[in-house]
Structures are given as structure tokens and as C-alpha cells.
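# Understanding the architecture of this molecule
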Amino acid sequence: MGLELKIDNLVKRFGTREIFRIEQLHVQEGQSLHLKGENGVGKTTLMKIMAGLEKPCSGNVSVTPNHRRWWSDRLHPDVIYLHQTPYVFMSNVVDNVAYGLKLRKGNRHDVKNKVQQALAWARLEHLAEQPAYSLSGGERQRLALARAWILAPRLLFLDEPTANLDRRSVSTVAELVGQLLEQGTTIMVSSHQSNTVTELCNRHLQLEDGALHEVESLTQVKRYA
Amino acid sequence: MEMSLLDTCIDAIRLLFSGNTELWSIIWVSFCVSMTAILISAVPAIFVGFLLAMVDFPGRWMVIALFNALMAIPTVVVGLTLYLLLSRSGPFGELHLLFSQPAMVIGQVLLCFPVLVCMSHAAFQGIDRRAWETARTLGAHCGRAALTIACEARFSLLGAMLAGFSRIISEVGCSMMVGGNILGYTRNIPTAIALETSKGEFSQGVALGLVLLMLALVLNFTLASVRGKGQLI
């Protein structure tokens, strides 16, 4: 059964200030979405709510089929959110990549093999034993993608994945995101401007004045910019 | 005849290496009591520190302020309170704990708990919120994510435990009041130093003081070597 994300009457406020009110959104498996909006409109908050990391003030986010674990009514095991500036744990690159897989209690040999594959996929093999904090911005972004890729998520939220990256790093990240899309992962990318990663998307959403609009094409998105 | 400072120090070092059983029993009591107290309080205090850093609830700031205030409470006040509670006419008099090692442990737990809570709270507050979110989104349940956060804050938490241990290994007021300074049973380093000094026997006091100093140096150097050489800002 294909994964689906639905939003119904979602409202988020900080104090008395309403950030957004989204009546409906329907995302189907295999889609790629670009969430566009100016700084401060609530893109990150919206993505965190959809990923189950934050609570909305009212409304509902549902991801079906529902495989939620007993300890959380919001987090879904097939949904992963990546921060704009990925957090790296105080250990080496291998341990960072293996983190999620170890939680799923795979056997040691499998974990090791999959970590090697993930490192090769993200072109981080030469940095495997390096402390993760020593990585550059682009390498950290690739590490975060590898950390997600290894868990084979069905829905991936990428929060401004190319912010503060040079052109070469942007194209590497775009290539990795393209491969994830080819594998059938549903991806939502937030960005305040169009770039090589957002150009991979087949749906474009604009968060503006507290409302979410679907825009038909990239040129229409550009009109808002 | 009055001894010079140098003579006292030489005599103290000689005493330390002479294998004096009385001296080493005092050191042993100190270690046993303080280690037991820190081991009892560490996990619950770190857990409280974690909750105060991560969970928002009404009156949270008041709890934080209360623990901060308790950090500064004089040890003798804790000793006095505990004395009143454990004395024969007190509510827990029937337990016959007064002037025993368990009473000293209880007192030291009360003394180091607020230190551990406040310092672990500060340690957890220093951890980026993204660490928690990353652990959660990668599939960690709350307990596992908390363990990950504790692991990220491990050096600060070790520092908190060290500060808690320093507070209790060197306190004299509470141990004197609820321990009673019984040789071979409740006489620890600080109470022995106080007693020997009042008797004019400075050598044993200095010897025990050197043990405390060595202990502080060893613990801090160990922590520094585990943590690394320290980063410049």
C-alpha cells in the first residue's frame, strides 16, 4: 500500500501570533514537493509538524499506512526529517550513519555492511573514521542523507538542504536527492529560492501569509519570488 | 614544643607512608560514605536535571530556583535538620540511624543532589535541541533519545558528578552532626581534620588535607584527560 500524508485544518500559533492555517494537503507516495516561502513564514515548523517532531495547535496530520510505534502517536518510522544544518553526534562518521540502524536492532554484520554501502552512496568512505564534528557543511549534509538513506525512509523532509553550500556541494546533494527519488522515496524540500534540488520536484507549494498554495509550475513559483 | 610548618608537613608525609591504620581507616570511611552517596544520587539527579531541561510544566522555573537555592545551603543546616529528624525524639528516631554511616550517606545525598540537578540541568541545556529531534526522527524512543542526549553531554555530566563529589567529600558540618565522629566508623577526613586541629595535632590534619588535595588533583586531571586538552574559544 502506497504511503500517503494528509493534512486537515492544521493551525500553528506561537503565543497569539498565528503562523499558518492549512486547510488541506494530500501527498502521495513517489511525489516530490518543493515547499517555497520567505524566511520566517513557518516552512520549518510545518515540516516538523508533518514529520511528527512538533505539535500543531489544532488540526490533524495523518500518515497512512499507520505503522506508528507504541511510544509515540506522532512519529512515523517511515518518515524522516533532516535539519537545515544537520546535527552530528559526538562520535565518528560511521557511528553517526549507523545510529538509526542500531536502534532497529539489526545484526552487527548487516549493520556494518549497510553502513559501508551508505558511506559509498554518500561518497563519505574516505571520512569514515573521522570525528563527525570535523566535517564541512556539505559533508555534514551528505552524512545526514546517508543516515536517512540507510533506514530506507518512504517520506523524507529536507529543510533547506542547500543553504550555505557551494555550487559543487549543491550539485552533489542534488544528485543524491535525485537517486532517492528514483528509488521511490517521497521527498519534500523546503527552500526560499529555486535551485538544482528544488528543480527535481514535480509539485510546488507556496507558504505565504499563513496559507499554503499549490502552484502549477516552476515559472509560477518564480513569479512569487 | 611547637613545630614549624615545614616540620608539620614532613611529619604528615611520613605519617601517610607509615601505614598508620587509624589514618587509613579515616580515609576509607570518607571514600565509602561519599562514593555511596554519589552513586545513590547520580541517576535520579541527572534524570531530574534532564526533565527540567526538556519538559515544560507549570512552576518549572520555581523548581529550578529552589534547586539553585538548595545548592548554597550550609552543610551544618542539613546536618541539624537531619539530626532533628533522626534523633530519638524525632519522627525517624526508631530507625536508630543517628551516629551511623547510613545517616552520613543520607546527609551527603541531600547535599550533593541539588548540585547534581543544577549542573546536569545546565549540561542538558547546553545541548542543541536538534540532537533530540535527530535521535527521535531516526527512530529513538524517548528513553533512548534521552540516553543519546546524556551521551552527548557526558563530559559536562562527569563534571557535575565531580562537583557533587567535591561538595560532599570535603563537608564537615553534616558528617559531624549526624555521624558523631566515631573513630573507625563515622570519622571521615573533614571531621578528623577538625578534631585533630582542635587538639593541636596538626600532622594528621595536614596528612588528611594532602589526601583531599591529591584526590581533587587526580579527579580533575582524569576528567581533563578524558575530555581532551580543552578547546580555546
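Predicted model only: the values in this text are computed from it and were never measured.

## Here we look at the pairing of strand β8 (residues 203–208) of chain A
Every other side chain in a regular strand lies on the same face of the sheet, so the side chains alternate between the two faces. Residue and element names in this part refer to chain A. β8 sits mainly inside the fold: five of its six residues count as buried. Relative to β8, strand β3 (residues 32–36) is paired through four bridges, and the arrangement is parallel. In the strand pairing of β8, Lys-36 is matched with Gln-206. For β8 and strand β9 (residues 211–215), the ladder comprises five bridges, and the chain directions are antiparallel. The partner of His-204 across the bridge, within β9, is Val-215.

## A few points about the interface of chain B and chain A
Residue-level contacts link 19 residues of chain B with 22 residues of chain A. Roughly 1900 Å² of surface becomes buried between chain B and chain A when both sides are summed, with 59% attributable to carbon and sulfur atoms. Here chain B is connected to chain A by one salt bridge. Between Lys-48 of chain A and Glu-133 of chain B there is a salt bridge, with its nearest N and O atoms 2.9 Å apart.

## Quick word on the pattern of salt bridges
If the charged atoms of two oppositely charged side chains come close together, the side chains can form a pair. For the structure on display, the rule yields twelve salt bridges over all chains. The closest approach of N and O atoms between Glu-214 of chain A and Arg-203 of chain A, which form a salt bridge, is 2.7 Å. Residue Glu-214 of chain A is located in strand β9, and its partner Arg-203 of chain A is located in strand β8; the two are separated by eleven residues in the primary sequence. One salt bridge connects Arg-14 of chain B with Asp-11 of chain B, and the closest N-O pair in it is separated by 3.5 Å. Taken together, the positions of Arg-14 of chain B and Asp-11 of chain B, both in helix α1 (residues 5–17) and three residues apart, correspond to about one turn of that helix. Judged by relative accessible area, which is 54%, Arg-14 of chain B ranks as exposed. Given the relative accessible area of 26%, Asp-11 of chain B is considered partly exposed. In this structure, a network of salt bridges that share partners links the residues Glu-29, Asp-78 and Arg-154 of chain A.

## Some thoughts on the nonpolar core
In this structure, Val-97, Leu-145 and Leu-156 of chain A are the most contacted members of the largest nonpolar core, which totals 61 residues. Counting residues in hydrophobic clusters, the runner-up holds 41 residues, among them Ala-45, Ala-103, Cys-118 and Ala-160 of chain B.

## Quick word on helix α2 (residues 93–103) of chain A
Buried residues dominate α2 of chain A, accounting for nine of its eleven residues. Where α2 of chain A is concerned, the buried positions are Val-93, Val-94, Asn-96, Val-97, Ala-98, Tyr-99, Gly-100, Leu-101 and Leu-103 of chain A. The secondary structure elements touched by the buried residues of α2 of chain A are α3 (108–121) and α4 (137–149) of chain A together with α6 (129–137) and α7 (142–152) of chain B. Immediately beyond the C-terminal end of α2 of chain A, within one or two residues, lies Lys-105 of chain A, with a positive phi of roughly 55 degrees.

## Concerning the confidence of the model for chain B
The predicted model of chain B has a mean per-residue pLDDT of 92, with 96% of residues at 70 or higher. Per-element confidence in chain B is highest for helix α5 (residues 101–125) of chain B, whose mean pLDDT is 97, and lowest for α1 of chain B, whose mean pLDDT is 85.

Parameters at a glance
Residues numbered from 1 in each chain as written. Chains lettered and ligands numbered in written order. Predicted model: local features only at pLDDT ≥ 70, side-chain atom pairs only at ≥ 80, totals over all residues. Heavy atoms only, no water. Buried < 20%, exposed > 50% of the residue type's maximum accessible area, 1.4 Å probe, protein only. Helix = DSSP H or I, 4+ residues; strand = E, 2+ residues; numbered from the N terminus. Pairing = 2+ DSSP bridges. Contact = heavy atoms within 4.5 Å. Buried area = accessible area lost by both parts, 1.4 Å probe. Salt bridge = Lys/Arg side-chain N within 4 Å of Asp/Glu carboxyl O. Core = buried A, V, L, I, M, F, W, Y, C linked by side-chain atoms within 4.5 Å. pLDDT = per-residue confidence, 0-100.

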